[in-house]
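# Topology and contacts: notes
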Amino acid sequence: NPMMSNLASELLEAAVADSSRLIMTGQAQSANFSQAQFKTAVCARIYGLFDCANGLYVNVQTYASFSAVNTTPPVTNGQFNTTTTYNPGDVGNIVAVSLYYQWPIYVSMLGNNLANLNGGNRLLSATAVFRVEPYH
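Residues numbered from 1 in each chain as written. Predicted model: local features only at pLDDT ≥ 70, side-chain atom pairs only at ≥ 80, totals over all residues. Heavy atoms only, no water.

Here we come to the sheet that holds strand 4 (residues 94-104). Sheet strands pair by backbone hydrogen bonding; their relative direction is either parallel or antiparallel. One open sheet accounts for three strands, arranged 1-4-5; its pairing is antiparallel. The sheet is open, and its two borders are formed by strand 1 (56-63) and strand 5 (121-131), each paired with just one other strand. Averaged over all adjacent pairs, the angle separating strand axes in this sheet is 15°, with direction ignored. Pairing geometry for strand 1 and strand 4, over eight bridges, is antiparallel. Within strand 4, the residue paired with Tyr63 across the bridge is Ile94. This element, helix 3 (residues 35-43), spans strand 1 and strand 4 of the sheet and lies at about 120° to strand 1. (Pairing = 2+ DSSP bridges. Helix = DSSP H or I, 4+ residues; strand = E, 2+ residues; numbered from the N terminus. Axes fitted to C-alpha atoms, helices over the stretch in contact; angles between N-to-C directions. Contact = heavy atoms within 4.5 Å.)

So, in structure tokens, the structure goes:
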């Protein structure tokens, strides 16, 4: 359903913006969040529209500069690469937090194929890029 897919995309955007603050303000680093703990914090910000625990992929990467940030979803030949990293960085680091979810497309409306992955799924993604604030 395209409308549900759009709603899910908006939820991901809100969740990435909200959960990124945990890293930007040093809360995730101060509490020594693991990748699983950060994902749990992200899922707490997504309200039951999809299977967050089993279907959401969270990638957190640190970069040397804003120009080095790669926000391209990890898709090769229609195949989503589910390997993720968790590097929340430290004060002054540039961090990109990306959320990915494979949304099933059951019926295409008016002949439009909304799928962008093999198997008829659509990869939904949301990314926030920021510099970690001083928190020490």
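Looking now at the packing of aromatic side chains. Under the defined criterion, the tally for this structure stands at six aromatic pairs. Taken together, a centroid distance of 5.7 Å and an interplanar angle of 55° make the contact between Phe80 and Tyr100 tilted. On the criterion of sequence distance, the pair formed by Phe80 in strand 3 (residues 79-80) and Tyr100 in strand 4 is long-range, its members being 20 residues apart. Here Phe80 matches Tyr100 in class, with each residue buried. Aromatic rings pair up to connect Phe50, Tyr101 and Trp103 into one cluster. (Phe/Tyr/Trp six-rings, centres within 6.5 Å; stacked < 30°, edge-to-face > 60°. Buried < 20%, exposed > 50% of the residue type's maximum accessible area, 1.4 Å probe, protein only.)

Moving on to the nonpolar core. By size, the foremost hydrophobic cluster in this structure holds 31 residues, and its most contacted members are Leu12, Ile23, Phe38 and Leu56. Of all the secondary-structure elements, those providing two or more residues to this core are helix 1 (2-24), helix 3, strand 1, strand 4 and strand 5. For this core, the element with the most residues is helix 1, which contributes seven residues. With residues up to four places along the chain from it excluded, the contact list for Leu12 reads Ile46, Phe50, Leu56, Leu99, Tyr101, Leu124, Ser125 and Ala126. (Core = buried A, V, L, I, M, F, W, Y, C linked by side-chain atoms within 4.5 Å.)

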